[in-house]
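What follows is each chain in one-letter form.
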Amino acid sequence: MWDTILHIEADAMPVDQKLQSLFKLKTIFEDCNLSKDSVYARLLHRIGLYEYAVNKSYTKAIDLTKESIRINTSQNKGSSPWFAIKSYSNIGFYYNDVGLTDEALTYYDSAFRLYKKFPERKDLIFDARKARSTIFFARGDYQRCIEENLIGLQEATEVNDLSNKASFLILNAQAYAVQGSFTNTVECADSGFSIGKNLDD
């Protein structure tokens, strides 16, 4: 079942077909009364993501992802608590997309709290970090935006993730520009574009 889920995720088929395939797996899973472990949690997480992508069914996406979190944070045998970092982040994205930024921040915070237990999984929190920064920028809280980007920049540097490093630098350049900090704006923009150019070469 696990390999089948991964195969569907990686397949180039349209997302709506992936959603149909995963729903069929969910039916098989439940009809066979299989244990609701990390495999089932990943299935729910992915169905939630595709429901959001295909049908804009935010309620269903959130409910499915919450159930995935419940399974993976249950401490039961077969759970995968680190994967819930991504699930918390996804719920944050769903709320953010409909303009419920307070709720989004709450779930991003939950992702970061759980991430502290699994600091090796920095790859799971970069998108949430950038989304959180963007919310602060939109609210006019440029200092918190900058602080968030500096944390993300440090995390990206620690794992030599040049793409995310460039992203955080550019986000900070925008915030510094609004604040009128010309020197910091130019420094961050030049560094970010330089890294980005090297990635393209």
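We now turn to the structure provided with this report. Being a predicted model, the structure only gives us computed values, none of them experimental.

This part is about the overall build of the protein chain. What the protein chain contains, in helices and strands, is ten helices and zero strands. Along the chain direction, N to C, the helices and strands of the protein chain fall in the order α-α-α-α-α-α-α-α-α-α. Counting only C-alpha atoms, the protein chain reaches 65 × 40 × 30 Å along its principal axes. In the protein chain, which comprises 201 residues, the share counted as buried stands at 43%. Excluding contacts between residues fewer than 6 apart, the proportion of contacts in the protein chain whose partners are at least 24 apart in sequence is 55%. When the accessible area of the protein chain is evaluated, it comes to approximately 10,500 Å², of which 51% is carbon and sulfur surface. When the 24 positive and 27 negative side-chain charges of the protein chain are each reduced to one mean point, those points stand 4 Å apart.

The next point concerns helix α9 (residues 162-179). One turn of the α-helix equals 3.6 residues, which is why residues spaced by three or four share an orientation. Under the 1.5 Å per step criterion, the end-to-end length of α9 is 26 Å for 18 residues, consistent within 8% with the ideal 26 Å. Along α9, the residues that are buried comprise Asn164, Ala166, Phe168, Leu169, Leu171, Asn172, Ala173, Ala175 and Tyr176. Glycine 180, located one to two residues past α9, shows a positive phi value of around 85°.

Scanning all chains against the criterion turns up nine aromatic pairs. Between tryptophan 82 and phenylalanine 83, the aromatic rings sit 5.7 Å apart at their centres with planes inclined by 80°, giving edge-to-face as the arrangement. Residue tryptophan 82 is classed as partly exposed on the basis of its relative accessible area of 28%. Relative to tyrosine 142, the ring of phenylalanine 137 lies with its centre 5.3 Å away and its plane at 65°, an arrangement referred to as edge-to-face. By relative accessible area, phenylalanine 137 is classed as partly exposed at 28%. Linked through ring pairs, Tyr52, Tyr58 and Tyr94 together constitute an aromatic cluster.

Once that is clear, we can look at the environment of histidine 45. Tracing the backbone shows histidine 45 in helix α3 (residues 38-55). Residues histidine 45 and glutamate 9, spaced 36 residues apart in sequence, show a C-alpha to C-alpha distance of 12 Å. Discounting residues that sit within four places of it in the chain, histidine 45 has contacts with Thr65, Ser68, Phe83, Lys86, Ser87 and Asn90.

Turning to the environment of leucine 162, a few remarks are in order. Relative to the elements of secondary structure, leucine 162 occurs in helix α9. Between the alpha carbons of leucine 162 and leucine 199 there is a distance of 7.7 Å; along the sequence they are 37 residues apart. Not counting residues up to four positions away in its chain, the partners in contact with leucine 162 are Ile195 and Leu199.

On to the nonpolar core. Ile85, Tyr88, Ile91, Tyr95, Tyr108, Leu114 and Ile125 are the most contacted members of the largest nonpolar core, which has 40 residues in total. For this core, the secondary-structure elements that each account for two or more residues are α4 (58-72), α5 (84-97), α6 (101-115), α7 (126-138), α8 (142-158), α9 and α10 (182-200). Ignoring anything within four residues of it in the chain, the contact list for tyrosine 108 reads Ser89, Gly92, Phe93, Asn96, Ala128, Ala131, Arg132 and Ile135. Formed by 15 residues, the second largest nonpolar core is a distinct cluster that contains Leu19, Leu25, Phe29 and Ala41.

Conventions adopted
- Residues numbered from 1 in each chain as written.
- Predicted model: local features only at pLDDT ≥ 70, side-chain atom pairs only at ≥ 80, totals over all residues.
- Heavy atoms only, no water.
- Helix = DSSP H or I, 4+ residues; strand = E, 2+ residues; numbered from the N terminus.
- Buried < 20%, exposed > 50% of the residue type's maximum accessible area, 1.4 Å probe, protein only.
- Contact = heavy atoms within 4.5 Å.
- Areas by Shrake-Rupley, 256 points an atom, 1.4 Å probe, with all protein chains shown as cover.
- Lys, Arg positive; Asp, Glu negative; His and termini not counted.
- Charge placed at Lys NZ, Arg CZ, Asp CG, Glu CD.
- Expected span 1.5 Å × (residues − 1).
- Phe/Tyr/Trp six-rings, centres within 6.5 Å; stacked < 30°, edge-to-face > 60°.
- Core = buried A, V, L, I, M, F, W, Y, C linked by side-chain atoms within 4.5 Å.

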